[in-house]
Amino acid sequence: MKQLRLKVLVGVFVVAGVLAWAAARLWESFGTLPSVPLAAPIVLAVIAVVLVATALSIRSRLRAQRERRPDAKGVEPMMAARAVVFGQASALVAALAGGAYGGVGVFLLGSLDIPARRDQAIYAGFSVLAAAAVIAAAFFLERVCKLPEDEDDTAAPAA
């Protein structure tokens, strides 16, 4: 399984942001721009909390297993792999959604004197922050689930 790449997530964020900004300009010229939902930052924040809770749970189980506690529950490899895949998928979707809401938010910065537009820009800003939290939580989960490096591969072969 490949690790998350920050460059890929930043690229998705930037492309989505530019496309959303352009789409918002185009949409505004034809009619009324759809609103940024209040639920957007809330849903992204809930996903970030779930990812962090999963990472902390797996980390504590691995620590108990390493310390050989008698009541330690092991971590099944498939469960850890599923958690990492969930984190990676969440990070990609968060980069896409954060970029889209960021682009719309940048477009809305031009009309902050209108109270409804100001509220929409605030929702968009919180959505970008929540998307960044999802990405950070996904990196943390991936780090927790990473297998330790195999030291035998780096050692010189026995003669």
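Just above sits the structure.
All of the points below concern the structure found in this document. Keep in mind the model is a prediction, meaning the values are calculated, not measured.

1. Quick look at the pattern of salt bridges
- Counting across every chain of the model gives 1 salt bridge.
- A salt bridge links Glu28 to Arg117; its shortest N-O distance comes to 2.8 Å. Here Arg117 lies in helix α4 (residues 115–145) and Glu28 lies in helix α1 (residues 6–30), a separation of 89 residues in the sequence.
- The class for Glu28 is partly exposed, based on a relative accessible area of 29%.

2. Remarks on a positive patch on the surface
- There is a patch of like positive charges on the surface, built from Arg59, Arg63, Arg66 and Arg143.
- The element that contributes the greatest number of residues to the positive patch is helix α2 (residues 39–66), accounting for 3 residues.
- The residue Arg66 is located in helix α2 in this model.

3. Digging into the packing of helix α3 (residues 77–108) against α4
- Interhelical geometry of α3 versus α4 gives an angle of 155° and a closest axis separation of 8 Å. Accordingly, the angle class assigned to the pair α3 and α4 is roughly antiparallel. For the crossing formed where α3 meets α4, the hand is left-handed.
- Tallied by class, residues from the contact of α3 with α4 come to 18 nonpolar, 8 polar and 2 charged.

4. Concerning a nonpolar patch on the surface
- Together, Leu6, Val10, Phe13, Val14 and Val18 make up a nonpolar patch on the protein surface, roughly 430 Å² of accessible area in all.
- Of note, Val14 is situated in helix α1.
- The partly exposed category is assigned to Val14, whose relative accessible area is 44%.

5. Examining the side chain of Gln120
- Topologically, Gln120 is positioned in helix α4.
- A relative accessible area of 16% means that Gln120 is categorised as buried.
- Each residue touching Gln120, except ones within four places of it in the same chain, is listed here: Ser35, Val36 and Leu108.

Conventions used here
- Residues numbered from 1 in each chain as written.
- Predicted model: local features only at pLDDT ≥ 70, side-chain atom pairs only at ≥ 80, totals over all residues.
- Heavy atoms only, no water.
- Salt bridge = Lys/Arg side-chain N within 4 Å of Asp/Glu carboxyl O.
- Helix = DSSP H or I, 4+ residues; strand = E, 2+ residues; numbered from the N terminus.
- Buried < 20%, exposed > 50% of the residue type's maximum accessible area, 1.4 Å probe, protein only.
- Patch = residues over 30% accessible without salt bridge, like charges linked within 9 Å, V, L, I, M, F, W, Y side chains within 5 Å.
- Areas by Shrake-Rupley, 256 points an atom, 1.4 Å probe, with all protein chains shown as cover.
- Lys, Arg positive; Asp, Glu negative; His and termini not counted.
- Charge placed at Lys NZ, Arg CZ, Asp CG, Glu CD.
- Axes fitted to C-alpha atoms, helices over the stretch in contact; angles between N-to-C directions.
- Parallel < 35°, antiparallel > 145°, perpendicular 65-115°, else oblique.
- Left-handed = near helix turned anticlockwise from the far one by under 90°.
- Nonpolar A, V, L, I, M, F, W, Y, C, P; charged D, E, K, R; others polar.
- Contact = heavy atoms within 4.5 Å.

None of the figures reported here should be taken as evidence of function without further support.
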